[in-house]
Amino acid sequence: MVKLGAGLRAAVHPVIVGIVFAFVARLWLILRFPNNFAFDGWQRWAGREHVLVQDWLPGLQLIIAVVAELGGGVTITRIVLAAIAALGVGAGAAAAGSISGRSAAWLYAGLATFGPTLVWTGQLYQEGLYTTVLLTGLALALRAGTGLSVVRQAGRPPGRLLVADLIFGALPLVRYEGWLVVVGYLFWRHDISALRALWGEALWVGLKFFGVRGYYPSGVDYFEDWRELGTRFNAERWILNVLDLGQMLSQSGGLTVVLVGLAGAGMCWRARGIPLVSFALAVQIPATLAWVAGLETATQRMLVLPVSLAVLPAAVAGAELWERVPRVRAVITAAIVMWLGLGLYVARDTVDRERMRVRPEVMALGRMQVCKDCFWWIVPRLGLGSQGRDDGCEILQGMTRMKEGEQFWCAPWMDRLPAAEREAARAQTNAVVRWSATDRHNGQYVVEVAKPAEPAASP
């Protein structure tokens, strides 16, 4: 009985429960709509044969390229990324447990169920990988201990610290915010051996020094958001967009976690690990506000990292209340249950909305797939995405294995070519997919396949 009880307690561990629940919730959303969605994600899949796409950092794209090389499609890739994000939840629970005990680990596992996080970390985006790398490195560093005293006692850096340093070094290859977070990590580690965490930054600088450029699956350059920001920035519009983002944060429940997290960071400032996570959150908030300026709009995806980083100090603060004020335990338990329900509801609603946004292209694909030997000329929906620069071709290419020049030509993408080359490309096609509508939202795709020529009559 003792062994059975110990085994049950080990199985019902907050880290294991957090990983399993996080993965199952994401898998449920993926199965609800297994296609790819959102424009960066479409370009990433279209560039699946390359590790460097546009000027994006290579961390996420490396995973996409490996899965695609092994034969996995969009759905398998999403499942792999969901599993990575779920491991990040486990790492966060382990870090919270190292800081403030088992109750903090349980609270972290519950609070990590934020609706937008469930959606976008099961998609072809960096947020899930970023938080997993950060929290895994933090959990290992906390288990090993930090500071000069550890190094002096051991005579050399402990193995876990070595691994933690190398993991943290990958952050600058996932998101640009990771560059500053690694600098904060060096100060937090307070040891010269932590300089090896700069390996990711050194690698990327080296690649750029030698002029390595990324592959462009289409003519859309997403870094135009930043290159032209100085000429486009409008303070009044930015303020309105930030207010819209704040409304999204409030409606999704994320505002509560952010406020509790900020309060928890102040209350538990001396707790191990809290200063580093607080620094990462302090970096992320202005980065997100700059992101709003670059895209000139607010999106739900922008909420993921600020809320995800606020979960750890919120869980630590909640654990302190749990231990010191037993009377609030029922309230905290009820709040976590409500939070889980809200997170799943928001996530389901988001996925259903994304499904409706691409419904015309999904329906067109259903008709296109009947013709196995067609070379398509696509006249797509226009004016989609940020600044209205994307189109339906991005969607069709980003949800399938079709590639421009191999299975289709996109009419607006051909405008950059001379008229003779455009006509030659048009002559290669034997089927047309054409958007028929009075505006970009209402209408349908018309699919036309040319009939094969009649064989000549025998003389």
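Attention in this report is confined to the structure presented alongside it.

A word on the state of the cysteines. Inspection of the entire model under this criterion finds two disulfides. There is a disulfide in this structure between Cys371 and Cys374, and the S-S distance comes to 1.8 Å. Residues Cys371 and Cys374 share a disulfide whose torsion about the S-S bond is about 90°; that sign makes it right-handed. Classification of Cys371 by relative accessible area gives partly exposed; the value is 24%. Across the disulfide from Cys393 sits Cys410; the S-S distance is 2.0 Å. Judged by the sign of its S-S torsion, about 95°, the cystine formed by Cys393 and Cys410 is right-handed. With Cys393 in helix 21 (residues 392–398) and Cys410 in strand 2 (residues 408–410), this pair connects stretches of sequence that are 17 residues apart. Taken individually, Cys393 and Cys410 each receive the classification buried, so the pair is uniform in this respect. In the chain, the cysteines engaged in disulfides, taken in order along the sequence, are linked 1-2, 3-4.

Hydrogen bonds along the backbone pair up the strands of a sheet, which may run parallel or antiparallel. Overall, mixed pairing links the four strands, which are arranged 2-1-3-4 in an open sheet. Both outer strands of the open sheet, strand 2 and strand 4 (444–449), are each paired with one neighbouring strand and no more. For this sheet, the mean angle separating the axes of adjacent strands, direction not counted, is 20°. Here strand 3 (residues 431–436) runs beside strand 4; their pairing, made up of six bridges, is antiparallel. Considered in strand 4, the bridge of Val432 is made with Glu448. Sitting on the sheet, helix 20 (residues 359–368) is in contact with strand 1 (376–379), strand 3 and strand 4, with an inclination near 15° to strand 4. Across the sheet, helix 22 (residues 419–428) touches strand 1, strand 2 and strand 3, and the angle it forms with strand 1 is around 120°.

On to the packing of aromatic side chains. All chains considered together, the criterion is met by twelve aromatic pairs. Between Phe114 and Trp339 the ring centres are 5.9 Å apart and the planes differ by 5°, which places this aromatic pair in the stacked class. Here Trp339 lies in helix 19 (residues 329–357) and Phe114 lies in the loop between helix 6 (102–111) and helix 7 (115–120), a separation of 225 residues in the sequence. This pair shows no difference in class: Phe114 is buried, exactly as Trp339 is. Taking 6.3 Å as the distance between ring centres and 50° as the angle between the ring planes, the aromatic pair formed by Phe233 and Trp238 counts as tilted. Using a relative accessible area of 44% as the deciding quantity, one classes Phe233 as partly exposed. What makes Trp238 partly exposed here is its relative accessible area of 27%. A connected cluster of aromatic rings, assembled from ring pairs, spans Phe33, Phe37, Trp120 and Tyr125. The ring of Trp56 carries Arg44 above its face, with NZ or CZ at 4.4 Å from the centroid. When the ring centre of Trp291 is taken as reference, the NZ or CZ atom of Arg175 above it lies at 5.2 Å.

Moving on, we get to the pattern of salt bridges. All chains considered together, the criterion is met by 19 salt bridges. Between Arg32 and Asp352 there is a salt bridge, with the nearest N and O atoms lying 2.8 Å from each other. Of this pair, Arg32 sits in helix 2 (residues 14–32) while Asp352 sits in helix 19, and the two are 320 residues apart along the sequence. Residue Asp349 pairs with Arg353 through a salt bridge whose shortest N-O separation is 3.3 Å.

With that settled, consider helix 5 (residues 74–100). With 27 residues, helix 5 extends 39 Å between its outermost C-alpha atoms, agreeing within 8% with the 39 Å of an ideal straight helix rising 1.5 Å per residue. Two residues or fewer after helix 5 comes Gly101, characterised by a positive phi angle close to 95°.

Nonpolar side chains in soluble globular proteins generally cluster together in the buried interior. Core analysis: the biggest nonpolar cluster contains 79 residues, and Tyr108, Leu111, Leu134, Leu138, Leu171 and Tyr185 have the highest contact counts within it. The next biggest cluster of nonpolar side chains, apart from the first, holds 39 residues, and it includes Val220, Phe223, Val304 and Trp435.

At a minimum axis distance of 10 Å, the contact between helix 4 (residues 58–69) and helix 5 shows a crossing angle of 135°. Considering their axes alone, helix 4 and helix 5 lie oblique with respect to each other. In terms of crossing hand, the pair formed by helix 4 and helix 5 is right-handed. Of the residues in helix 5, those in contact with Leu60, Ile63, Ile64 and Val67 of helix 4 are Ile76, Thr77, Val80, Leu81 and Ile84. Taken together, the residues of the contact of helix 4 with helix 5 break down into eight nonpolar, one polar and no charged.

The subject of this paragraph is the side chain of Glu127. Inspection of the secondary structure assignment puts Glu127 in helix 8 (residues 127–144). By relative accessible area, which is 1% here, Glu127 ends up buried. A polar atom in the side chain of Glu127 sits 3.3 Å from the side chain of Arg175.

Taken residue by residue, helix 12 (residues 199–209) has Gly200, Glu201 and Trp204 as its buried positions. In a view along the axis of helix 12, the buried residues occupy a sector of 100°, so they form one face of it. The exposed set on the far side of helix 12, more than 90 degrees from its buried face, consists of Ala202 and Phe209. Next to the buried residues of helix 12 lie helix 4 and helix 11 (177–189). One or two residues past the end of helix 12 sits Gly211, with phi positive at roughly 75°.

Relative to the assigned elements, Asp390 resides in the loop between strand 1 and helix 21. For the pair formed by Asp390 and Ala265, sequence separation is 125 residues and the distance between their alpha carbons is 41 Å.

The rules behind each value
- Residues numbered from 1 in each chain as written.
- Predicted model: local features only at pLDDT ≥ 70, side-chain atom pairs only at ≥ 80, totals over all residues.
- Heavy atoms only, no water.
- Disulfide = S-S within 2.5 Å.
- Buried < 20%, exposed > 50% of the residue type's maximum accessible area, 1.4 Å probe, protein only.
- Helix = DSSP H or I, 4+ residues; strand = E, 2+ residues; numbered from the N terminus.
- Pairing = 2+ DSSP bridges.
- Axes fitted to C-alpha atoms, helices over the stretch in contact; angles between N-to-C directions.
- Contact = heavy atoms within 4.5 Å.
- Phe/Tyr/Trp six-rings, centres within 6.5 Å; stacked < 30°, edge-to-face > 60°.
- Lys NZ or Arg CZ within 6 Å of the ring centre and 35° of its normal.
- Salt bridge = Lys/Arg side-chain N within 4 Å of Asp/Glu carboxyl O.
- Expected span 1.5 Å × (residues − 1).
- Core = buried A, V, L, I, M, F, W, Y, C linked by side-chain atoms within 4.5 Å.
- Parallel < 35°, antiparallel > 145°, perpendicular 65-115°, else oblique.
- Left-handed = near helix turned anticlockwise from the far one by under 90°.
- Nonpolar A, V, L, I, M, F, W, Y, C, P; charged D, E, K, R; others polar.
- Polar contact = N/O pair within 3.5 Å; in protein donor to acceptor, adjacent residues only side chain to side chain.
- Arc of directions from axis to C-beta.

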